[in-house]
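Structure assessment
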Amino acid sequence: MTQYTALITGGSKGIGADLGQRLIQRGYTVVSLSRGTPEWSHDALHHVEVDLTDAKATEHAAKDIATTHKITHLIHNAGVIRPNLVEEATTDDLTALTQIHLGAPLILLQACLPNMKENQFGRVLFNGSRAALGVPTRTAYSATKAGIIGMARTWALELAQYGITVNVVAPGPVQTDNFWDIIPRGSEREAELAKRLPVGRLGTVRDISNAFMFFCDPENSFVTGQTLYVCGGASVGTLTL
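Before going into details, it helps to say that this report is about the structure given with it.

**Focus on the overall build of the protein**
- A count of helices and strands for the protein gives 7 helices and 7 strands.
- Listing the helices and strands of the protein from first to last along the sequence gives β-α-β-β-α-β-α-β-α-β-α-α-α-β.
- The dimensions of the protein, computed from C-alpha atoms along their principal axes, are 50 × 35 × 35 Å.
- Of all 241 residues assigned to the protein, the portion counted as buried reaches 51%.
- Long-range pairs, those at least 24 residues apart, make up 70% of the contacts in the protein between residues at least 6 apart in sequence.
- About 11,500 Å² of surface is accessible on the protein, with carbon and sulfur atoms providing 51% of the total.

Have a look at this one:
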């Protein structure tokens, strides 16, 4: 049996935790990178504490992980929003979100790539966002999430010859801590947003991990460079949060 090891950023809770648990159920080893201690545990889970906005710290963590684990799946799930109107947006926001959304996965991939190339297999996945299409108060977030799509498409072209696929899952409004940090849980605003979605409800963590599981599957080798919007239809038209 082939042994798979998934490196998941932001694997301590929410989407990352659900995905990690599901991969372990399929026999994977999971390495989670996050700033906090995971809200779950398993013998097949290995946790590395790191702040992905710190490039040097990320480089050290990536080197250590690549030395001790043969990573087959890199899943960049961690993200930060920093919402504000354009008048309050700052270049510091852009710098920080560029590092966590684009710089961190670049560092991690470069560390994991030699093993993937040697084995002629790899799965690289991003947690993108419907916000890449534009959402009010998301200057830095939308810009860097849109950047993920371009970077993933470029990597897909470069790495396909090595059996490595690169894809993006782009969630819409999903019930996670990031979402509730902006829209109060159980609020009228949350209920109204759900009604405006074509499917009439908010997304769940499981909705998103379902999509990741598809792209993770070693049998799905003919799909690369794609962005799958898992957004309840929000990407079809306009949506104001």
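There's plenty left to go through after this.
**Describing the sheet that holds strand 4 (residues 73-76)**
- Spatially, the 7 strands line up as an open sheet ordered 3-2-1-4-5-6-7, and their pairing is parallel. Two strands close off the open sheet at either side, each with one partner strand: strand 3 (45-49) and strand 7 (227-230). The sheet shows a mean angle of 15° between the axes of neighbouring strands, direction not considered.
- Direction of pairing for strand 5 (residues 122-127) relative to strand 6 (residues 164-171): parallel, over a ladder of 6 bridges. Bridge pairing in strand 6 links R123 to T165.
- Lying on the sheet, helix 1 (residues 14-25) is in contact with strand 1 (5-9), strand 2 (29-34), strand 3, strand 4 and strand 5; it crosses strand 1 at an angle near 170°.
- Across the face of the sheet, helix 4 (residues 139-159) comes into contact with strand 5, strand 6 and strand 7 while running at roughly 160° to strand 6.

**Comments concerning helix 6 (residues 188-196)**
- E190, L193 and A194 are the residues of helix 6 that are buried. An end-on view of helix 6 places all buried positions within 100° of arc, on one side of the element. Away from the buried face of helix 6 by more than 90 degrees, exposed residues E188 and K195 are located.
- For helix 6, the elements touching its buried residues are helix 5 (177-180).

**What about the state of the cysteines?**
- What the rule picks out here adds up to 0 disulfides.
- Residue C112 stays outside any disulfide, its sulfur separated by 14 Å from that of C216, the closest cysteine.
- Taking relative accessible area as the criterion, C216 reaches 1% and is therefore assigned buried.

**Things to note about the side chain of N77**
- Position of N77 among the secondary structure elements: in the loop between strand 4 and helix 3 (91-119).
- With relative accessibility at 11%, the residue N77 sits in the buried group.
- At 3.0 Å, the side chain of N77 forms a polar contact with the backbone oxygen of G10.
- Those residues within four positions of N77 in sequence are excluded, and the remaining contacts are I8, T9, G10, I15, G16 and N127.

**A few points about the packing of aromatic side chains**
- Using the criterion set out here, one finds 4 aromatic pairs in the structure.
- Here F126 and W155 contribute two aromatic rings whose centre-to-centre distance is 5.5 Å and whose plane-to-plane angle is 40°, an arrangement assigned as tilted. Of this pair, F126 sits in strand 5 while W155 sits in helix 4, and the two are 29 residues apart along the sequence. We note that F126, like W155, is buried.
- Consider the rings of F214 and F215, whose centres lie 5.3 Å apart with planes at 70°: the pair is edge-to-face.
- We classify F215 as buried; its relative accessible area is 4%.
- Positioned over the ring face of W180 is R185, at 3.9 Å from the centre of the ring.

Basis of the calculations
- Residues numbered from 1 in each chain as written.
- Predicted model: local features only at pLDDT ≥ 70, side-chain atom pairs only at ≥ 80, totals over all residues.
- Heavy atoms only, no water.
- Helix = DSSP H or I, 4+ residues; strand = E, 2+ residues; numbered from the N terminus.
- Buried < 20%, exposed > 50% of the residue type's maximum accessible area, 1.4 Å probe, protein only.
- Contact = heavy atoms within 4.5 Å.
- Areas by Shrake-Rupley, 256 points an atom, 1.4 Å probe, with all protein chains shown as cover.
- Pairing = 2+ DSSP bridges.
- Axes fitted to C-alpha atoms, helices over the stretch in contact; angles between N-to-C directions.
- Arc of directions from axis to C-beta.
- Disulfide = S-S within 2.5 Å.
- Polar contact = N/O pair within 3.5 Å; in protein donor to acceptor, adjacent residues only side chain to side chain.
- Phe/Tyr/Trp six-rings, centres within 6.5 Å; stacked < 30°, edge-to-face > 60°.
- Lys NZ or Arg CZ within 6 Å of the ring centre and 35° of its normal.

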